[in-house]
Amino acid sequence: MSPASAAPAAKVRIIEVGPRDGLQNIAESIPTATKLELIHRLRQNGLQTIELTSVVSPRAVPQLKDCRQVLSHASMQGFLRHKGYRLPVLVPNIKGFQIAQQLGVKEVAVFISASEGFSRANTNRTVAEGVAASRAVCQVAGQHNVAVRGYLSCVFSDPYDGPTPKEAVLHGAKALLDMGCYEVSLGDTLGVGTPQKTKQLLTYLVEHGIPMGKLAGHFHDTYGQALANVWQAYNCGMRAFDSSVAGLGGCPFAPGAKGNVATEDVVYMFEDAGISTGVDLPALVETGTWISQQLGKPNGSRAGAALSVKRDLSKPSDKRLKTPGTPKAAAPLVWHEVQQGSVDGLLLHRSGANIKITMNRPRNGNSLTNSMVDGLTSILSSAAADPKLARIIITGSGKFFCTGMDLGKGSTAVGKEDNSSSSSSSSSSSSSTTTASQAQFYRLRALFHAIDTSPKVTIACINGPAFGGGVGLALACDLRLSAPNATLTLSEVKLGLSAATISKYVVRELGIALSREVLLTARPITPQELNTRGIFMGIAKDAEKRSLEELLDSTLVGLRVASEQASRMSKELVATAWANGGTAAQDEDIERIFDAMMRPDAAGAHGVKEFQAKRKVDWDSLLEGTSGVPIKSKL
């Protein structure tokens, strides 16, 4: 039976190659966190087969040098163990296979070229040598029950040798199937294929004994023919297609080659024809828009670009707070230094309804002394009681945000035995004296509790790397803004310690899996990873101090749309969900907050009235008593 006469099916299988083939030719280094987030999003979009990465020489493909970090990440390890997905990893040889297997990979892909010129340029091997290397991988994979997918490149033309004979494609496809590949992906590496060439090649292969069910299409869009080739291949009986979100891709070894056919375009075409892909197109469009923005590249999907504009995804909505690191420009806020009995190592500034605390020991990495801890706690308590304050910002001066507690000689209680000290005012001990370690514990607990339970919105403006207790300061806050170099490192294990006093904030904000990883390894967490996870609210555009200041000012201006009273209620809702989720206590808290917000003297009464009058409320002005009617109600 010829492929053209094959009965149409109501479903196709999409193999998403964006995380590997889509990213490999991008010169600028892409953060590992971005790659992990891309895979996570694609999975949520309904894609069942996702090519994760390639265990390849970093000299050959620098973009994929983090393959081990991608595969070993806790979230990826769980994904790899899931039986409902196919997650191939490209490997060039036995060594690559062994590394992939050690990291829990259950499916690999091998590749050969249909033409000699490309094979030598790509892998420095002849076609025969490439077949031998792939066969060796298949043999070992079979012994370990690891599935193997095959790639056959340059099926229409070679950038060095010209048009590829059909006989060479047949030879390559047979070799891959004979060595144990469950499927062969036919790669139009240069994107020169046309529907007519596609039909001719598939007809030839089927007539010479290659089952259509063992073939997949991998079309590039250099000449704008990729989607037409997919449709032609489908009409010939093919039911599996490689594609890349946002049309990402190309080949670094094929000069001039453009991206893969876009997954959004393939899904749009098939779904419109009543052919199921199992993919959530609107969600996929959001992913394509997101990764394009992350990479600073135009969206290569025609359907994706059109649908994103239609849904207004291509640019941040004016109705949303803009804090992805490129906020809408706002006039700089004017900060006035607050003159009071200042604490050594702390500076205090105020701008309207905002107060900013700056840790000011730059030569010591802003490490916290006992007096600084007590001073921070006192300022936070005073701010909590100030009816004209809405937000508290904690930041640092110099290169570091905060390197944790001062561990200098004579400054730390670590290792001290029963040296007693007078009870701190922040201590909850009923004894008149406590040991030095107890006093330190009570002091720190009081500080982090004051941040966590403050009725004001607390914002960590992280100007540089944070370590230990500095990470606790950042994670105890409600919101976090960051300089691009502001890593968080829970370094306690390196000193034989643990992050005891800050652990509940670490686990709450990072989640159990990531918390366990970073607490045990002490690895730095990058701002990019934290931003993609939603833990950082925004990252400044560059490392200049002014960039972070602009991001903070823009964020604070944006928060003027939020009522201080409503923000306080919202914080309570989050707090009770964390502490009492699913219990009667949570229900009671929700009912109490609901009743309070519905009172005629509450902020909501004014806000709804202004909404009905089609007026926006500047809640900071109300709080400061400079505009409108002040809200007096308290919860």
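What counts, and at which threshold
- Residues numbered from 1 in each chain as written.
- Predicted model: local features only at pLDDT ≥ 70, side-chain atom pairs only at ≥ 80, totals over all residues.
- Heavy atoms only, no water.
- Salt bridge = Lys/Arg side-chain N within 4 Å of Asp/Glu carboxyl O.
- Helix = DSSP H or I, 4+ residues; strand = E, 2+ residues; numbered from the N terminus.
- Buried < 20%, exposed > 50% of the residue type's maximum accessible area, 1.4 Å probe, protein only.
- Pairing = 2+ DSSP bridges.
- Contact = heavy atoms within 4.5 Å.
- Axes fitted to C-alpha atoms, helices over the stretch in contact; angles between N-to-C directions.
- Expected span 1.5 Å × (residues − 1).
- Phe/Tyr/Trp six-rings, centres within 6.5 Å; stacked < 30°, edge-to-face > 60°.
- Core = buried A, V, L, I, M, F, W, Y, C linked by side-chain atoms within 4.5 Å.
- Patch = residues over 30% accessible without salt bridge, like charges linked within 9 Å, V, L, I, M, F, W, Y side chains within 5 Å.
- Areas by Shrake-Rupley, 256 points an atom, 1.4 Å probe, with all protein chains shown as cover.
- Right-handed = clockwise from strand over helix to strand, strands pointing away.

S.K.: What exactly am I supposed to notice about the pattern of salt bridges here?
M.R.: Side chains that differ in sign of charge can pair as their charged atoms come close. This model, assessed by the stated rule, comprises 31 salt bridges. One salt bridge in this structure joins arginine 13 and glutamate 183, with 2.2 Å as the shortest N-O distance. Here arginine 13, found in strand S1 (residues 13–16), pairs with glutamate 183, found in the loop between helix H8 (166–178) and strand S8 (184–188); they are 170 residues apart in sequence, far enough to count as distant. Taking relative accessible area as the criterion, glutamate 183 reaches 1% and is therefore assigned buried. Within the structure, one salt-bridge network assembled from shared partners comprises Arg13, Arg149, Glu183 and Asp242.

S.K.: How do you make sense of the sheet that holds strand S11 (residues 336–337) when you look at a structure like this?
M.R.: Ordered in space as S11-S12-S13-S14-S17-S19-S21, the 7 strands form an open sheet in which the pairing is mixed. Because the sheet does not close on itself, it has two edges, and the strands there are S11 and strand S21 (538–539). Sheet strands touched by helix H16 (residues 469–476): strand S13 (354–359), strand S17 (457–462) and strand S19 (479–482). Its angle to S17, the strand with the most contacts, is close to 135 degrees.

S.K.: Sorry, what's going on with helix H20 (residues 545–558) here?
M.R.: Because the α-helix completes a turn every 3.6 residues, residues three or four places apart line up on one side. End to end, H20 covers 20 Å across 14 residues, agreeing with the expected 20 Å (1.5 Å per residue, within 8%). What H20 keeps buried is the set Ser547, Leu548, Leu551, Leu552, Asp553, Ser554, Thr555, Leu556 and Gly558. On its buried face, H20 sits against S13, strand S14 (391–396), S17, S19 and S21.

S.K.: Mind showing me how you'd approach the sheet that holds S8 here?
M.R.: In a beta sheet, neighbouring strands are held together by backbone hydrogen bonds and run either parallel or antiparallel to one another. Taken together, 8 strands build an open sheet; the order of strands is S2-S1-S10-S9-S8-S5-S4-S3 and the sheet is parallel. Two strands in the sheet have a free side with no partner beyond their single neighbour: strand S2 (49–50) and strand S3 (89–90). As judged from the 2 bridges shared by S1 and S2, these two strands associate in the parallel manner. Of the residues in S2, the one forming a bridge with isoleucine 15 is threonine 49. Contacting strand S4 (107–113), strand S5 (147–153) and S8, H8 runs over the sheet at an angle of about 170 degrees to S5.

S.K.: Can you walk me through the packing of aromatic side chains in this structure?
M.R.: A ring pair, where both rings are aromatic, is described by two values, the distance of the centres and the angle of the planes. For the structure on display, the rule yields 8 aromatic pairs. With a centroid separation of 6.1 Å and 45 degrees between ring planes, the pair formed by tryptophan 231 and phenylalanine 270 is classed as tilted. Of this pair, tryptophan 231 sits in helix H10 (residues 226–235) while phenylalanine 270 sits in helix H11 (residues 263–272); the two residues are 39 residues apart in sequence, bridging distant segments of the chain. Note on phenylalanine 270: relative accessible area 0%, which makes it buried. Ring centres of phenylalanine 448 and tyrosine 505 lie 6.1 Å apart, and the angle between their planes is 45 degrees; this geometry places the pair in the tilted category.

S.K.: Please clarify how the environment of leucine 348 should be interpreted in this entry.
M.R.: Residue placement: leucine 348 occurs in strand S12 (residues 346–351). In this structure, the C-alpha to C-alpha distance between leucine 348 and histidine 336, residues 12 residues apart in sequence, is 8.5 Å.

S.K.: So what exactly am I meant to see when it comes to the nonpolar core here?
M.R.: The nonpolar side chains of soluble globular proteins are, as a tendency, buried together. Within the largest apolar cluster, 84 residues are counted, with the highest numbers of intra-cluster contacts made by Leu152 and Leu186. With sequence-adjacent residues up to four places away left out, leucine 186 is seen in contact with Leu152, Val155, Val169, Leu202, Leu205, Leu215, Ala216, Gly217, His218 and Met238. By size, the runner-up hydrophobic cluster in this structure holds 59 residues, among which are Met405, Phe448, Leu475 and Leu488.

S.K.: It is not clear to me how unusual backbone geometry should be interpreted in this structure. Could you clarify?
M.R.: Most peptide bonds take the trans configuration, and most residues that are not glycine carry a negative phi. One non-glycine residue, asparagine 124, lies in the positive phi region at around 60 degrees. On the secondary structure map, asparagine 124 appears in the loop between helix H6 (116–123) and helix H7 (127–143). Judged by its relative accessible area of 68%, asparagine 124 falls in the exposed class. In this structure, cysteine 154 is a non-glycine residue whose phi angle is positive, near 55 degrees. Turning to its location among the elements, cysteine 154 is positioned in the loop between S5 and strand S6 (157–158). For cysteine 154, a relative accessible area of 0% translates into the label buried.

S.K.: Hey, could you run me through a nonpolar patch on the surface in this one?
M.R.: Together, Leu407, Leu495 and Leu497 make up a nonpolar patch on the protein surface, roughly 270 Å² of accessible area in all. Assessed through its relative accessible area of 45%, leucine 407 is described here as partly exposed.

S.K.: Help me understand the pairing of S1 in this model?
M.R.: Moving residue by residue along a regular strand, the side chains alternate between the two faces of the sheet. As defined by bridge partners, S1 adjoins strand S10 (residues 240–243) across 4 bridges and the pair is classed as parallel. Pairing of isoleucine 15 across the sheet is with aspartate 242, part of S10.

S.K.: Where do I start with the pairing of S4 in this structure?
M.R.: Extensive coverage of S4 is indicated by the burial of 6 of its 7 residues. In the sheet, S3 pairs with S4 via 2 bridges, with the strands oriented parallel. Bridging across to S4, leucine 90 finds its partner in alanine 109. In this view, the connection linking S3 to its parallel neighbour S4 by way of helix H5 (residues 94–102) has right-handed handedness. As judged from the 7 bridges shared by S4 and S5, these two strands associate in the parallel manner. Opposite phenylalanine 111, over in S5, you have tyrosine 151 as the bridge partner.

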